[in-house]
Amino acid sequence: MKTILLSLMLVFTSALYSQNEDVKQVVVTFFKGFHAKDSITMKSVCAEKMILQSISESLKGNQLKNENPHSFYLSIATIPATILFEERILNYSIQVDGTMAHVWTPYEFYVNNKFSHKGVNAFTLFKDNGLWKIVYLIDTRRK
């Protein structure tokens, strides 16, 4: 009986780990495209009608901004080559329930190797026809 329980636990843990890695890989691919200024790679892991929002936190007040995905992709693809940027992901916290997943990624953002701001990204993904896609992305930004 112990052997059967142990085997079931290993199978379940392995399946859960594999699913979490699949979800994480979507976010990793998103950031590979982001850092390469490659909107095609970014779009490949995003739903066509993805919702984008940002929360700016400052002493002057907090602001919630909605962003159009097309404008977002265009803004990334047209960043001049002279500007270097890096969003350093500090951790991945992944939760999965069936065809929905949530990824929480604290980050630090650097422009030309200088600290710009920090915050957290919250990705919501949907698994459609066996593929995970980002359907919602909101981030916080604070100095």
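Quick caveat: nothing in here was measured; it's all calculated off a predicted structure. (Residues numbered from 1 in each chain as written. Predicted model: local features only at pLDDT ≥ 70, side-chain atom pairs only at ≥ 80, totals over all residues. Heavy atoms only, no water.)

As a further point, take the side chain of Thr 140. Inspection of the secondary structure puts Thr 140 in strand S7 (residues 131-142). There is a polar contact of 3.5 Å between the side chain of Thr 140 and the side chain of Arg 142. (Helix = DSSP H or I, 4+ residues; strand = E, 2+ residues; numbered from the N terminus. Polar contact = N/O pair within 3.5 Å; in protein donor to acceptor, adjacent residues only side chain to side chain.)

The subject of this paragraph is the pairing of strand S5 (residues 100-111). With five bridges connecting them, strand S3 (residues 85-89) and S5 associate as antiparallel partners. Along S5, the bridge assignment pairs Arg 88 with Glu 108. Where strand S4 (residues 93-97) meets S5, five bridges bridge the pair, whose relative direction is antiparallel. Within S5, the position partnered with Ile 94 by the bridge is Val 103. Between the antiparallel neighbours S4 and S5 lie two residues, among them Gly 98 with a positive phi of about 60°. Taking the residues that link successive antiparallel strands as the turn, the S5-strand S6 (residues 114-128) hairpin has two residues, and the phi of Asn 112 there is positive, at about 50°. (Pairing = 2+ DSSP bridges.)

Within the chain, residue pLDDT values average 90, and 87% of them lie at 70 or more. Of all the helices and strands in the chain, helix H1 (residues 2-35) carries the lowest mean pLDDT, 73, while S5 carries the highest, 98. (pLDDT = per-residue confidence, 0-100.)

Grouped together as the largest cluster of nonpolar side chains are 24 residues, with contacts concentrated most on Phe 30, Phe 34, Phe 72, Phe 123, Leu 125 and Ile 134. Elements represented by at least two residues in this core include exactly H1, strand S1 (46-57), helix H3 (69-77), S5, S6 and S7. Looking at this core element by element, the count peaks at six residues for H1. (Core = buried A, V, L, I, M, F, W, Y, C linked by side-chain atoms within 4.5 Å. Buried < 20%, exposed > 50% of the residue type's maximum accessible area, 1.4 Å probe, protein only.)

With that settled, the discussion passes to the pattern of salt bridges. Under the counting rule described, the total for this entry stands at three salt bridges. Two residues, Glu 86 and Arg 88, come together in a salt bridge whose shortest N-O distance is 3.1 Å. Residue Arg 141 is joined to Asp 139 by a salt bridge in which the shortest nitrogen-to-oxygen separation is 2.7 Å. Exposure remark for Arg 141: the relative accessible area of 34% places this residue in the partly exposed category. (Salt bridge = Lys/Arg side-chain N within 4 Å of Asp/Glu carboxyl O.)

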